[in-house]
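Coordinate analysis (summary)
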Amino acid sequence: MHFTIVLLLCFGCLSVVAQKQVYKAKLQYDMGQYSLAKEGIQDYLADFPADMEAHLLLAKCHYALGKWNDCINRVEKIIHLTNIPADVHELYGKVLKQVGRFEEAKKHFEIFFV
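Residues numbered from 1 in each chain as written. Predicted model: local features only at pLDDT ≥ 70, side-chain atom pairs only at ≥ 80, totals over all residues. Heavy atoms only, no water.

Re the packing of aromatic side chains
Evaluation of the coordinates by the stated rule reveals 5 aromatic pairs. When the ring of Tyr63 is compared with that of Trp68, the centres are 5.1 Å apart and the planes differ by 55 degrees; the resulting orientation is tilted. Centroid distance Phe112 to Phe113: 4.8 Å. Interplanar angle 70 degrees. Geometry classified as edge-to-face. Connected via pairs of aromatic rings, a cluster forms that spans Phe109, Phe112 and Phe113. (Phe/Tyr/Trp six-rings, centres within 6.5 Å; stacked < 30°, edge-to-face > 60°.)

So this is what it looks like as structure tokens:
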């Protein structure tokens, strides 16, 4: 019984730490500190790889840093999921445009603007 309570408290603490990590990365991104945000969100994703929003933030960091292929690879990890935010399609369209894949970019812009 006591072990279960301790275990639940530990998981709760991890969740709070993880939320702070994501919050910090979002702030860094908003302040234009893309490399720091990228490092923080990569660390977070090592422990929480299923977090779609974190993958999107990492893709945005790659885009802001001009790392087009890294951005494309990250977006492609989440683009096929259900219930993705529309801005995934916007970002994908923007990065595809950067690498000259105009027809594909157009399709994603159309999804974003619908």
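So much for the structure itself; the text now carries on.
Some words on the pattern of salt bridges
As enumerated under the stated definition, the model contains 2 salt bridges in all. Where Asp87 meets Lys60, a salt bridge forms, and the shortest distance between an N and an O atom there is 3.2 Å. One end of the pair, Asp87, is in helix α5 (residues 86–98); the other, Lys60, is in helix α3 (residues 52–64), with 27 residues separating them in the sequence. We note a salt bridge from Arg101 to Glu104, for which the minimum N-O separation is 2.8 Å. A residue is classified by how much of its surface remains accessible, and Arg101, at 28% relative accessible area, is partly exposed. Under the relative-accessibility criterion, Glu104 is labelled partly exposed at 33%. (Salt bridge = Lys/Arg side-chain N within 4 Å of Asp/Glu carboxyl O. Helix = DSSP H or I, 4+ residues; strand = E, 2+ residues; numbered from the N terminus. Buried < 20%, exposed > 50% of the residue type's maximum accessible area, 1.4 Å probe, protein only.)

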